[in-house]
Each structure stands twice: as structure tokens, then as C-alpha cells.
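Structural overview for review
The primary structure of each chain is shown beneath.
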Amino acid sequence: MERCFVDPVKDLGDLLSTVEKPARYAGGEYGRLARIPPGAQEGDVLYMAAAFPDLYEIGMSNQAARILYNRLNRIPGIICDRAFAPAPDFENLLREQGLPLYGLDTGISLKDLDLLCFTLSYELGISGVLSMLGAASIPLRAAERGESDPLVIMGGPCVSNPRPYGRFIDAFWIGEAEGGFFELAGKMAELKRAGQGRAALLSLLRDHPSVWMGGKEKAFRAVDTAFAERGADAAVFPVPSMKIVQHHGAVEIMRGCPSGCRFCHAGIWYRPMRQKDAAVVAREARAFIEEGGYREISLSSLSTGDYSRIGGLLETLTREFSPRHVSFQLPSLKVSTFSLPILEKVSRVRKSGLTFAVETANELWQLAVNKSVPRDSVVSIINEARKNGWRGAKFYFMIGLPPGEAASGPDSPGEEEEIVNFIADVGRRTRTHFNINVGPFVPKPHTPYQFCAQISEEEAKNKLGYIRARLKPLGHKVSTANPFTSMIEGVLSRGGERVGELIEEAFLQGCRLDAWDEFFKEDIWRGIFSRYKALVSEILSGGENTGEKQAPPWGCVDSGVLPAYLRREYENSQGSRPAKPCAEKCTHPCGICPGRGRIAENAGSGGGIAGPASTGEAGTGPLRQNSVPGNPPGPETRRIIFSFTKEGSAVWLPHLSLIEVFSMTMCRAGIPVLFTQGFNPLAKIDFASPLSVGIAAEGEIATADLEFSIGADEFIRRVNRRLPSGIAVIDAVNVSIAFGAKKHSAASLLWGYEYRPGRAAGDGAADRVEAAREKEYRQRRLDAGEPLSALRRKAVLAKRPVAAGAARPEGLSYFAVYREIYGINA
């Protein structure tokens, strides 16, 4: 089989400058794992791709997609690339150029894969699935695919009801990939080596108990029973070169949640609660820091505060890593697990915002949904946080939650009034203005509210309007979700096979990336909902709350949680009766334990975590940075000046991304960079001049201030081994700046540039251009018909610092100017 490969830098070239954020499509990141070995034969390799149906900056932030990519590339005989949904401008560009959507590592066309594996984390992502299939020329419908097409597999929390997507997907993996998918992928690789084709692979999938596909009665959710016992397994790679939505290392410290919030699909779907040992968490954090270069680490879970001995873990992590200017975030803290010592630990290096997911403001309603957020506790936390330098907070609420009969009397205030009263009172008592986010509740399958009616669009609009009108005048910022978008989510999450017709019709009429306001085409979806009015109404009404009707569409999936438990929890909700947290010896079993796994808690406090990171490259050496964050001034400043190239895929990186690339590279290379002081310390790396996206460079200039000097050759060696493709340091020198001497920044010494001559100049001397005239110079060459790729910046030139009114100095080498000012160290 002849496979098609795309090299975006060569095949698209300057055309990449016509799309927004071309770095999304250029690849070249540090730590890419998918590589085709030289001489590999067709039957030797099972070609796969971990695909996320949204833009690069969303997909690269997704933990599940990163786990798939890292784990699959360790399996012998498998090459797993990465792919993300194209924005409409890039989708159009590919179509105009006759090119397919491709994997970012190898460039393989998605159509030429053996398996294309999607992770669907939110319902509106399905339009991204179809756009990726279309951009790769893969038939949208599974029934229309043949031997030359890949098998399309989908997993993720949204396939807890796979039927709405069944017409597009060949097979669904139900549950956690660690619960058997990687072993299954290994068997598929063996089949490929044995000469078997698509039909044999599909048959193997069909026979697995955790795979569902059309015609199969039931699939059983896979659970990672070794989550708590497995050693450090950080999904570090690749490290994105451009800024992504969650640009930090994410260490999953707990899967599942003990809280039992009745509205929460994830809380049910990922049972039982399993906690990693504190020593394993620390080793994974170290991998993200030393191998990835991250200085912000998120300790992620559904409810991080419920992790046993979280205080001891934080103390150990901050004691070891805060001298390296590494901060830790706890993104999912409940009010009941907040404490001042925890706040102090997470703010030791940099302060992120406080977030309170209150959901519903009335305390009886909180009992109904089994999530208590006492108002007095919130006030106490905010007041304590303000004393320690925190200034703002964000609140999340939902409208349309089933309130329970005990809390919904005729004289009870509406939920919108309760939200307004809650925020107004907390704001007055803390003298603080907040960011408020409110959205409609969408009932989900496999939860106690799976058969409840969803709030209507009209009622939701009225309640959201009431909240905005009363909180904005008080100085609070209010953001609200689109109620119509929530209706689409509701239809997709609880619909049956006929919903596939709506999805396909919306896509064919031009819907793409529906989760983005800028791409969402509400008029198209409204027209479709109007034509399918009866079906939409039936789905959103939810049917009988008892669940005693015919099996729902998601009845083909066994989550492991007993239907009787869900019915009992719904009845408890109606009576505003709380449930106790999940525990090893519980009195209200849900059915998960012991059949699908068992509860596992962290037994250690986080002490004794020394040891190597779990993966990666040897030879980085220990970081020897100052033990006090902020690096107070010493007797002299040790500065290294270096020049570097920016070519190939790297030319599409914007300047702010380049700054982050070098900051993270210095961290993983063990370079002892100094940091600024303040709430958000930054590495002291200074660039002489930004370089426009799309222009190659042969001698850019930057400097870094160091805690202690490192030899120029050692600096170049360490840094170049850890830079993304297309960037390389070519020269470096050290200088010492005496205490009290003027510290000339690279930008303050900028004179101009040397450019490779234009076509008319042939092989003549380089063009020397003053900085103030660079834009005019480049535009003149572009107007003359030269391509963007012909504008190569050969060097960045410096000027001697001179007194005001002195003659303009000629452009000189930065190294020469620094040598004149400070002298050069070895």
C-alpha cells in the first residue's frame, strides 16, 4: 500500500501565512514520539493516530489524548501520530491545494492510517470529528468505508451513550483506555504483522467486552484497576511550542471522586475513586519539570481536596520545587477541603485565582444535589485569602438543577434570586468583586438525573437575564452560556440513533467546531431543530423520572453502577437527603466495588520522594538554582549572550511562543536562569528584536541572566539537545556585569538587521537595514513579487551605547558590542 505523506512546510510553504495561527499545523515540537524507522516494511507497523476533534490548543491540553499518544508509542509495532481539527480557513486551504489532513509527527494522511482514534470529551466536539474525516477524504458513514479506509474508533466520556454517533464510528471503546485498550492495540499490531487486514482488525474489536458497535447488545465499561499501583507514568510529550489553553504539566493524582454529586456525569463514570501514591505523584511532577520544562504543575482530579493527605503532598512538593520557581495548582478544590495552609502552599511561587464551583446557592438545594457549599465558609476563605495577597475569585453556578421536593415550595425564591442573593452577600462581606459564570444544567446518562427534563431555552434566558441585570450593577462580571447550545448538548447526550441525522445534516450545511462561539452557526442548528421538533422535544423532556420505561438509548452500555442505585439517589435528591462519600466500607453500595475495581487511597504523606523522573533523557544534571525564590541581587550579574537560527517549522512560531520555548528549554536543560520577582516570576531571558511569523532567521540574538556561569560550549550542547525542530543555538559568550553598572538590555542596543539580498541583487552583499526601516524594506520586497520565504534575516546588529546627540553608530555584531562594554568571560 502506497501511503501519502504531507510536509506542511514544503507542500504549503508561504500559504501557511494566509491562515490564523499557522503553528497549529506546522509540527516540529520537542519530544515528538511517532517516527517511522528507516527501512520499515508495510506489514511491520500498525499506523495509528490519537485524534482530538478540536483545535490544536485545546487538543494538546487534553490529558486523555496525551495518555493515548504516549502509551501507544511504547508498544512494539505501533506508530501513533497526533491529529487535531482544522479551523475552517485551514480546511479550505487543504481542499484548494488538494492535500489531505495529516498527522503532525510523520505527516501521514489520516486516510492512510490503520486506526484513527478519537477522544470525545464534550458533545459539541462531534462536528470536529466529521470535519477531520471530511478533510482526510474518509467517508463520513462507517457503512461506506472499505478496505482502503482506516478503522475509526472513538472513546471518551461522551461515548457513555454511543448511539447518536454510531453512523460515523466503526467501534467505540467504552471506559478507560488503561483498562484493556493498549493490550488490544498490541494484538491488532500482531494481526497486522501476520498479514491480516481491516476485516480481521474489526472482528477483534467486536469480540472485546468493552467495545460497542452497531448490532452488539451490550458493552461493559473498562476500568483501570492498576491506576493506584502503577509506577510513575507521566504523559509529558510532546511539549507544545505554541501557547495552549492549559499550558502546564498535568499530574493526575486521583481518578474518580468520592463526593457523589448527583448532577456530575464524570463522578459516576469514573468510579471507583483511586488515588496515586504521593511518591508516584512527585516523580511524575519531576518528569514534567525536568523533561518537559514546565514551571506550573496542575495536580488534577475531579476533587483534588479529597486526595488523602493533600497537605503533606503539597508541603513536600513546594519544599523541593519552589526554589526552581515551580508552582502547583489545585484546580478542583471543594469549599470543605479549602484551608489557609493549602492556600499558602499553592501561592508560594505564583498566585492563580480562587475558584468556587457552587452550582446552586440554596442550602437545601445543595443537599438535594449532594454538594454543600456553606456561604459563611466561602466568606471566611476569601477574607483569609485577601490577607495573603489574593485579589479575585471566580464562581460557577448552574440553573435548571432538579431542586428536590423539600426545597421547592410555592413560596420559595427562584434559583436565580438565590444566586443573586448569594453573590451580593458574599461580595458585601468580603468587599470583593467576582467573575460569575452561569450555565444551564444538562442532564446526562448514567446519573441520578438521567431521566429529568432539561430547562427550556426561554426559562433559561429569563433566569440568566435576571442574574446579569442585578449583579453587573454591583460591579461583578457575569458570563453566561448560550441556552440554545445547552439544548444541542442535551439532544446529543441523551438521544438515540436518529440524532445522527441531525449531526450529519448540520455538518453538510457547514457547521464546524460548534463549541466555539466564533464558528458556531446557530441559524443552521435552529433550522434543523425546527424540522426535528418532535424528536428534540422528546429527548429534552427526559421521560419518566422513575426510569421504569423502556431501556434508554444508553442502555447498551453497562457503566458498572446499578440502575437501582441511581433510582435511590434520585429519590434521596427529591427529599434533599445527602449521601455519604464513597468509602472502602460503605453503607450505600453503587455496584462498582468489588466487581470493576476497588477504592484506593494514598497511604503516604509525600515524604521520601527523592528519585529520578520516570522517563526521558539522561545527562541533564541537577539544577543548582538559588534556594530562595526571586533570586535577590548579588555582587554581579552573570549574563550569557547567544545567537540562534529559526527555520523550517519554527518560522511559524510567534514571538511570545518563542519566549516560552526558550524558557522551558532552559528548564529542561538545567540552565540556572534567574527570575523576576513578584506574583508571577518570569525567566530573565531578553530578545533583541521580535521576528515576524513566516520569516526565517540565521542569527537572532537573545540573552539570559544566570545564577552562576555555565561554559558557552556546555550551554550550546545542553540547550540544542532540548530545542524543538528548526531552532538551534549557534554561538554564545558569557559576560559579567559589575554590581551597580548599567545593564544594557539586548533591545536597547538594537541597531538593525542584515537580510539576504533579494532576487534582483543575486549573490551580492547582504542588505543592511536599520530597525526603524525594516517594515518598509520587507514590504518593498513583497510588493516586488518576492515570496515571504525569500525574506531571510541573516543577522541582528547592535549599536554602541552613545550619548544623546552623538553620531549614529554603524551596525555591529552583538558579541563585539558586549565585549567592548563588559569584556568576555570564558
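Above this text you will find the structure in question.
Note that this is a predicted model, so its numbers are computed, not measured. Each chain has its residues counted from 1, following the order in which its sequence is written. Note on the predicted model: pLDDT of at least 70 is required for a residue's local features to be given, and 80 or more for side-chain atom pairs to be given and counted; whole-chain, interface and lining totals, by contrast, use all residues. Heavy atoms from the whole structure form the basis of all side-chain values; hydrogens and water molecules are not counted.

**Some thoughts on the sheet that holds strand 14 (residues 393-399)**
- Any two strands are treated as partners once DSSP identifies two or more bridges connecting them. To qualify as a helix, a DSSP run of H or I must reach at least 4 residues; to qualify as a strand, a run of E must reach at least 2; elements of each kind are numbered from the N terminus. Taken in spatial order, the 4 strands of this open sheet run 13-14-15-16, and their pairing is parallel. With one partner strand each, in any of the chains shown, strand 13 (354-359) and strand 16 (477-480) form the two edges of the open sheet. Adjacent strand axes in the sheet meet at a mean angle of 20° when their direction is disregarded.
- A contact between two residues is defined here by any heavy atoms of the two lying within 4.5 Å. Helix axes are fitted to C-alpha atoms over the stretch in contact, other axes to C-alpha atoms as well, and angles between N-to-C directions run from 0 to 180 degrees. In this fold helix 14 (residues 375-387) packs onto strand 13 and strand 14, with an angle of close to 170° to the strand it touches most, strand 13.

**Some words on the nonpolar core**
- Among the buried residues, those of types Ala, Val, Leu, Ile, Met, Phe, Trp, Tyr and Cys that are joined through side-chain atoms within 4.5 Å form a nonpolar core. Three exposure classes are used, based on accessible area relative to the maximum for each residue type with a 1.4 Å probe and protein chains only: buried under 20%, partly exposed in between, and exposed over 50%. Counting residues in each nonpolar core, the largest one holds 150 residues, and the members touching the most others are F642, F662 and F715.
- Ranked by the residues each element gives to this core, the list is headed by strand 1 (residues 46-52), at 7 residues.
- Excluding residues that lie within four positions of it along the chain, F642 makes contacts with F662, M666, E700, I701, A702, T703, A704, F715, V729, D731, A732 and F815.
- The next biggest cluster of nonpolar side chains, apart from the first, holds 67 residues, and it includes V239, A287, V378 and C582.

**Things to note about the layout of surface pockets**
- Each pocket or cavity is described by its volume, and for the second largest pocket that value is around 490 Å³.
- As defined here, a cavity is a set of points on a 1 Å grid over the protein atoms alone where a 1.4 Å probe fits but cannot get out. A pocket is an open set with protein on both sides within 12 Å along at least five of seven lines, and residues line them when an atom is within 4 Å of a point. The wall of the second largest pocket is formed by 20 residues, among which K243, E296, E660, S663 and L682 lie closest to the centre.
- Any residue that is not Ala, Val, Leu, Ile, Met, Phe, Trp, Tyr, Cys, Pro, Asp, Glu, Lys or Arg is counted as polar, Gly included; the first ten are nonpolar and the last four charged. Residue classes in the lining of the second largest pocket are distributed as 9 nonpolar, 6 polar and 5 charged. Grid points are joined across faces, edges and corners, and a volume is the space filled by probe spheres set on the points.

**Things to note about the packing of helix 6 (residues 126-135) against helix 18 (residues 499-508)**
- Running from amino to carboxyl end, helix 6 crosses helix 18 at an angle of 60°, the nearest separation of the two axes being 10 Å. The orientation of helix 6 with respect to helix 18, classified from their angle, is oblique. The interaxial crossing formed by helix 6 with helix 18 has right-handed handedness. Residues I126, S127, L130 and S131 of helix 6 form the contact with helix 18, whose participating residues are I503, E504 and F507.
- Taken together, the residues that form the contact of helix 6 with helix 18 break down as 4 nonpolar, 2 polar and 1 charged. Note that the term roughly parallel is reserved for angles under 35 degrees, roughly antiparallel for angles over 145, roughly perpendicular for angles of 65 to 115, and oblique for everything else. In a left-handed crossing the near helix is turned counterclockwise from the far helix by less than a right angle, and in a right-handed crossing that turn is clockwise.

**Regarding the packing of aromatic side chains**
- The criterion for an aromatic pair is that two Phe, Tyr or Trp rings (for Trp, the six-membered ring) have centres within 6.5 Å, with stacked assigned to planes under 30 degrees apart, edge-to-face to planes over 60 apart and tilted to the rest. Summed over all chains, the structure comprises 31 aromatic pairs.
- Here the aromatic rings of F321 and F328 are separated by 6.1 Å at their centres, their planes lie at 50°, and the arrangement is tilted.
- For F321, a relative accessible area of 0% puts it in the buried group.
- For F328, a relative accessible area of 2% corresponds to the buried category.
- Seen in terms of ring centroids, F644 and F687 are 6.0 Å apart; in terms of plane orientation they differ by 90°. Their pairing is edge-to-face. Remark: F687 occurs in strand 19 (residues 685-687) and F644 occurs in strand 18 (residues 636-646); sequence separation between them is 43 residues.
- For F644, a relative accessible area of 1% puts it in the buried group.
- For F687, a relative accessible area of 9% corresponds to the buried category.

**Focus on the packing of helix 10 (residues 278-292) against helix 11 (residues 310-321)**
- Axis separation between helix 10 and helix 11 bottoms out at 11 Å; the angle between their running directions is 30°. Seen from above, helix 10 lies across helix 11 with right-handed handedness. Seen from helix 10, the contacting residues are A278, V281, A282, A285, R286 and I289; seen from helix 11, they are L313, L317, E320 and F321.
- Per-class residue counts for the contact of helix 10 with helix 11 are 8 nonpolar, no polar and 2 charged.

**Section: the pairing of strand 2 (residues 78-84)**
- Of all 7 residues that make up strand 2, 7 are buried, and the element is covered over most of its length.
- Side-chain alternation along strand 2 places I78, C80, R82 and F84 on one buried face and I79, D81 and A83 on a second face that is also buried.

**Notes on the pattern of salt bridges**
- Throughout this description, the term salt bridge denotes a Lys or Arg side-chain nitrogen within 4 Å of a carboxyl oxygen of Asp or Glu. A full pass over the atoms with the stated rule returns 60 salt bridges.
- Between E714 and R718 there is a salt bridge, and its shortest N-O distance comes to 2.7 Å. Of this pair, E714 and R718 are both found in helix 23 (residues 712-720), 4 residues apart, which corresponds to roughly one turn of the helix.
- You can call R718 buried: its relative accessible area is 14%.
- The shortest N-O distance in the salt bridge between E754 and R768 comes to 3.4 Å.

Interpretation note: all reported values are geometric properties and have no functional meaning in isolation.
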